[in-house]
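Structural overview for review
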Amino acid sequence: MDVRAQISMVFHLDKCIGCHTCSIACKNIWTDRKGTEYMWWNNVETKPGTGYPTKWEDQEEYRGGWSLRNDKLELRSTGKAHIVPNIFHNPSMPSMDDYYEPWTYDYKNLFNAPESDDQPTARPLSMVTGEPIDVEAGPNWDDDLGGSKVYAANDPNLAVLTPQQRAQLFAVERLMMFYFPRICNHCLNPSCVAACPSGALYKRGEDGVVLLDQNRCRGWRSCVAACPYKKTFFNWQTGKSEKCVLCFPRLESGQAPACFHSCVGRIRYLGVILYDARRIREVASSRDEDLIEAQRSLILDPFDPEVVKAARASGVHDSIVESARKSPVYKFVKEWKIALPPHIEFRTLPMLFYVPPLAPVMSTKAGDIVSNVSKGLFHEIDEARVPIEYLAKLFGAGDAGKVRAALKKQMAVRVWRRASTVGDVDKAAAERLLREAGSSPEEAEAIYRMTALCSFEERFVVPPAHRELAIEMMEDPLEHKQSAGFGFLSAPRRGS
Amino acid sequence: MNIGYLDPFLFQVFPYVALVVFFLMTIYRYWVREFTYSSLSSQLLENQHHFYGMVPFHYGILTVLLGHVVAFLLPRPLLWWNGVPARLYVLEISTFICALLALFGLANLIVRRAAFPALRKVTILSDWMLLGLLMFQIVSGVSIAIAHPWGSSWFSATLTPYLWSVLRLSPDLGYVTPMPLLVKAHIVGAFTIIAYFPFSRMVHVLVVPNPYLWRRPQVVRWYGR
Ligand code: SF4
Ligand code: SF4
């Protein structure tokens, strides 16, 4: 066993209100520089929808991630045999049209326009050319199903639905949508890392954050083509690729990443998990239907004495094992099994998990009273406005069973809480539902607490970074005394 | 026009200036400003014409360059190969086609850079100068191939010894002085490009994927190990 620590995440989709605060927090810290305006390391999509960049999930088009060919794990289009001859022009590379052309407004005109009969306007100006543009797309152009005939209707995941189901999804008064916030998944088997010809991308051994070395990057952009989630981006100004850094400077000082910290819906959870690095390839090569279970099995129990011993042998600090025991991610993913990886069939083993959305709440209404939370309830999960097949395509590698189990448990928790607080449901019936969903009253209370009452400290269990140990082992702390400083000192100017 | 009096400077001094500048500046730039080593791709901003410029240019120029290297390193086998006219024709015609491909690609790249406002934003003076130099070099090369054919043979017999004499630090003007003006221009162009190399985006040639071809797919870096 080669035990490693991985900072992992859970997003609870039922709680996301689609406010984009997370995206703005990220943008203001990381991507407000020239050349990065079009990047949204954190973005929030409306589902159904085509997302950002448009139709990123469609790997027939973008050809990212891994695939199994004759039981062998291979990069779909960014293996050596493909990258080298296509290095001058990669045909599966997204262009700015697939994202959008960033713009600002000509605010100056509001102040400087000569006097006239009409109000001055602030025209949109391209942030690439500086010229006026007609805005045709944006990072969340289809927010709240805007333009759904063009966007939502072209959602690649809808392919699994029957025409009737699709028609039903878009019927007036039955419309359904939910938000899908996305950041880099800091995968265990990242295709971005595997594809980089310069070896510029790497996974940090200590915490699993996937970073891109700006000095080593040569602008080949294989990572952009390789990431099936399209979470590496090319900075057209500096000629280097960039990606989500999981706010590692914040993590190292014990703070949650900015998008987590600022999340209004408090949907985000972060914590460390332990996993067996020896098994990554084997797990990533599982059959589609086994992938979710296989990934779960990769995550080790931090309470198991064997694991603790192996962790110590692999150099994982005791304080990190301690942190893993408190990790909300471990609970959501491994104990409660209600958080699922997005599109695990891309086989990068994403370490950001989603609690699939239950909304709209299932119930029957008798007069003013919501009632009938009994036996027939779970059939209604299958009759929900969002067809379970759709969610299964997103979070279950096509297997509706996993999603159904997660939803069933969430529903049972709701019923249980209803029974405890309102009392119009029979407690025994509620408990029976919990048992049917593979849960228990204790677990239901824990889920309820973590979902509804969670404090900052419960949501974000940031493991200690122990950079002090690392730095001391590596270099003389006095080395830079009285000199210019550490690291990267010249301004990142373009070329020459 | 007789510029023979310039020969000692152009063919005995300038090559060394170019080579020294090339080595010193390339190494300096790699050590001190590694960040600037990038392909500086513009595919993100324009993805259609990109193909018609980049692919023919790179494959064309690399093949032609390879031809020059072979003539420089293996003149004898090359002359032996050319001993049979049919083989000579095949070689000359195929490299000529590659040169035309490079010309076509480069022309496309220049037009593309000039035509798209977004691309003009990411094109600095040094890029235009490089494009100009490369254009000059390819046009002069193609003209030589037309005006003085069978270059694969006469290059091996005259320019290869000259280049070796440069490397041996006793540049032999005897080989280049009688050369036509076009060929002289091509040689000077080549050394100019070598001298200009470290100041331009061309440095990306030196960082072609290398460890990649044999490294393991996943890369992990530790702070403490
Ligand atoms: S989500 Fe994409 S960029 Fe992030 S680690 Fe996975 S493959 Fe790499
Ligand atoms: S800040 Fe939180 S609630 Fe708001 S959109 Fe982002 S993830 Fe959703």
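What you are looking at is a predicted structure, and each value in this text was computed from that prediction instead of being measured.

Here we take up the overall build of chain A. Across its full length, chain A holds 21 helices and 16 strands. The burial tally for chain A puts 56% of its 496 residues in the buried class. The contacts of chain A with a sequence gap of at least 6 include a subset with a gap of at least 24, amounting to 70%.

Okay, the interface of chain A and chain B next. A common way to report how large an interface is uses the accessible area buried once the components associate. Across the boundary between the two partners, chain A contributes 62 residues, which contact 48 residues of chain B. Both faces combined, the contact of chain A with chain B buries some 5,000 Å², and carbon together with sulfur accounts for 58% of it. Applying the counting rule to chain A against chain B returns two salt bridges. Among the salt bridges present, the one from Arg221(B) reaches Asp213(A), with a minimum N-O distance of 3.0 Å. At the level of elements, helix H3 (80–83), helix H6 (191–195), strand S8 (201–204) and helix H21 (467–474) of chain A are the ones that each hand at least two residues to the side of chain A that touches chain B. Here the side of chain A that touches chain B is composed, by residue class, of 30 nonpolar, 18 polar and 14 charged. Judged from the two bridges that link them, S8(A) and strand S1 (residues 220–221) of chain B form a sheet pairing that is parallel. The residue bridging Arg204(A) from the neighbouring strand is Arg221(B), located in S1(B).

This paragraph deals with helix H13 (residues 318–325) of chain A. Residue and element names in this part refer to chain A. Residues Ile320, Val321, Ser323 and Ala324 constitute the buried set of H13. Around the axis of H13, the buried residues are gathered within 160° of arc, so they sit on the same side. Looking at the packing, one finds that the buried side of H13 touches strand S1 (3–12), strand S12 (268–276), helix H12 (305–313) and helix H14 (328–335).

What follows concerns the sheet that holds strand S9 (residues 210–212) of chain A. What the three strands build is an open sheet, ordered S9(A)-S8(A)-S1(B); its pairing is mixed. The open sheet has two edge strands with one neighbour each: S9 of chain A together with S1 of chain B.

This part takes up the pairing of S1(A). Residue and element names in this part refer to chain A. Counting buried positions along S1 gives ten out of ten residues, so the element sits mostly inside the fold. With burial as the criterion, each face of S1 is covered, one bearing Val3, Ala5, Ile7, Met9 and Phe11 and the other bearing Arg4, Gln6, Ser8, Val10 and His12. Of the strand pairs in this sheet, S1 and S12 are connected by nine bridges, and their pairing is antiparallel. Across the sheet, the residue bridging to Ser8 is Gly271, located in S12. For S1 and strand S14 (residues 352–355), the ladder comprises four bridges, and the chain directions are parallel.

What follows concerns the sheet that holds S14(A). Residue and element names in this part refer to chain A. Reading across from one edge, S13-S12-S1-S14 is the order of the four strands in this open sheet, with mixed pairing throughout. In this open sheet, the two edge strands, each paired with only one partner strand, are strand S13 (299–300) and S14. Two strands pair when backbone bridges link them, and S12 and S13 are joined in this way by two bridges, in the antiparallel orientation. Looking at S13, one finds that Tyr275 is bridged to Ile299.

All names here are of chain B. Two elements in contact, helix H4 (residues 85–115) and helix H6 (residues 125–147), have axes whose closest approach is 10 Å; the angle formed by their N-to-C orientations is 150°. With respect to H6, the element H4 is oriented roughly antiparallel. Along this stretch, H4 crosses H6, giving a crossing that reads as left-handed. Contacts between H4 and H6 involve Phe96, Ala99, Leu100, Ala102, Leu103, Leu106, Ala107, Ile110, Arg113 and Ala114 on the former and, on the latter, Asp127, Trp128, Leu131, Leu134, Met135, Ile138, Val139, Val142, Ala145 and Ile146. Looking at the contact of H4 with H6, its residues break down into 18 nonpolar, no polar and two charged.

What follows concerns the pairing of strand S10 (residues 232–235) of chain A. Residue and element names in this part refer to chain A. Alternating residues of S10 divide into Thr232 and Phe234 and Phe233 and Asn235, and every residue in both groups is buried. Sheet analysis places S10 next to strand S11 (residues 240–243), joined by four bridges and oriented antiparallel. The residue bridging Thr232 from the neighbouring strand is Lys243, located in S11. Counting the residues in the hairpin turn of S10 and S11 gives four residues, including Gly239, whose phi is positive at 75°.

One pass over the full model with this rule turns up 32 aromatic pairs over all chains. Between Phe180(A) and Phe395(A) the ring centres are 5.7 Å apart and the planes differ by 85°, which places this aromatic pair in the edge-to-face class. Of this pair, Phe180(A) sits in strand S7 (residues 178–182) while Phe395(A) sits in helix H16 (residues 388–395); the two residues are 215 residues apart in sequence, bridging distant segments of the chain. With respect to burial, Phe180(A) and Phe395(A) carry one shared label: buried. The residue whose ring lies beneath Arg29(B) is Tyr37(B), and the NZ or CZ to ring-centre distance is 5.5 Å. Positioned above the aromatic ring of Trp81(B) is the side chain of Arg87(B), whose terminal nitrogen or guanidinium carbon lies 5.1 Å from the ring centre.

A few words now on the nonpolar core. Val10(A), Tyr38(A), Leu246(A), Phe260(A), Leu274(A) and Phe332(A) are the most contacted members of the largest nonpolar core, which totals 143 residues. By residue number, the principal contributor to this core is helix H17 (residues 400–421) of chain A, which donates ten residues. Contact partners of Tyr38(A), with chain neighbours within four places excluded, come to Tyr52(A), Met96(A), Tyr99(A), Tyr100(A), Pro102(A), Phe233(A), Phe234(A), Trp236(A) and Leu44(B).

Definitions and limits used
The residue count restarts for each chain, going from 1 along the sequence in the order it is written. To label them, take the chains in the order written and letter them from A, then take the ligands in the order written and number them from 1. In keeping with the model being predicted, local features are shown solely for residues with a pLDDT of at least 70 and side-chain atom pairs are shown and tallied solely at 80 or more, while totals for entire chains, interfaces and linings include all residues. With hydrogens and water stripped out, all remaining heavy atoms of the structure feed into the side-chain values. Strands here mean DSSP runs of E at least two residues long; helices mean DSSP runs of H or I at least four residues long; both are numbered from the N terminus. Think of it in three bands: with a 1.4 Å probe and only protein chains considered, a residue is buried below 20% of the maximum accessible area for its type, exposed above 50%, and partly exposed in between. Working rule for contacts: check all heavy atoms of both residues, and any pair within 4.5 Å makes them a contact. Note on terms: buried area is the combined drop in 1.4 Å-probe accessible area of two parts once they are placed together, counting the loss on both. Salt bridges are defined as contacts in which a side-chain nitrogen from Lys or Arg sits within 4 Å of a carboxyl oxygen from Asp or Glu. Think of it as three bins: nonpolar holds Ala, Val, Leu, Ile, Met, Phe, Trp, Tyr, Cys and Pro, charged holds Asp, Glu, Lys and Arg, and polar takes everything else, Gly as well. The pairing criterion for strands is at least two bridges between them, as found by DSSP. Taking the helix axis as origin, the arc is that swept by the directions to the C-beta atoms. Axis geometry follows a simple rule: fit a line to the C-alpha atoms, using only the stretch in contact for helices, then measure angles between N-to-C directions, giving values from 0 to 180 degrees. If an angle is under 35 degrees, it is roughly parallel; if it is over 145, roughly antiparallel; if it lies from 65 to 115, roughly perpendicular; otherwise it is oblique. The hand of a helix crossing depends on one turn: near helix anticlockwise from the far one by less than a right angle means left-handed, and clockwise means right-handed. When the centres of two rings from Phe, Tyr and Trp lie within 6.5 Å, Trp using its six-membered ring, the rings pair. Their planes under 30 degrees apart give stacked, over 60 give edge-to-face, and anything left gives tilted. Any Lys NZ or Arg CZ that is within 6 Å of a ring centre and within 35 degrees of that ring's normal is treated as a charge sitting over the ring. Among buried residues, the Ala, Val, Leu, Ile, Met, Phe, Trp, Tyr and Cys ones that are joined through side-chain atoms within 4.5 Å form a nonpolar core.

These values are about where atoms sit, not about what they do.
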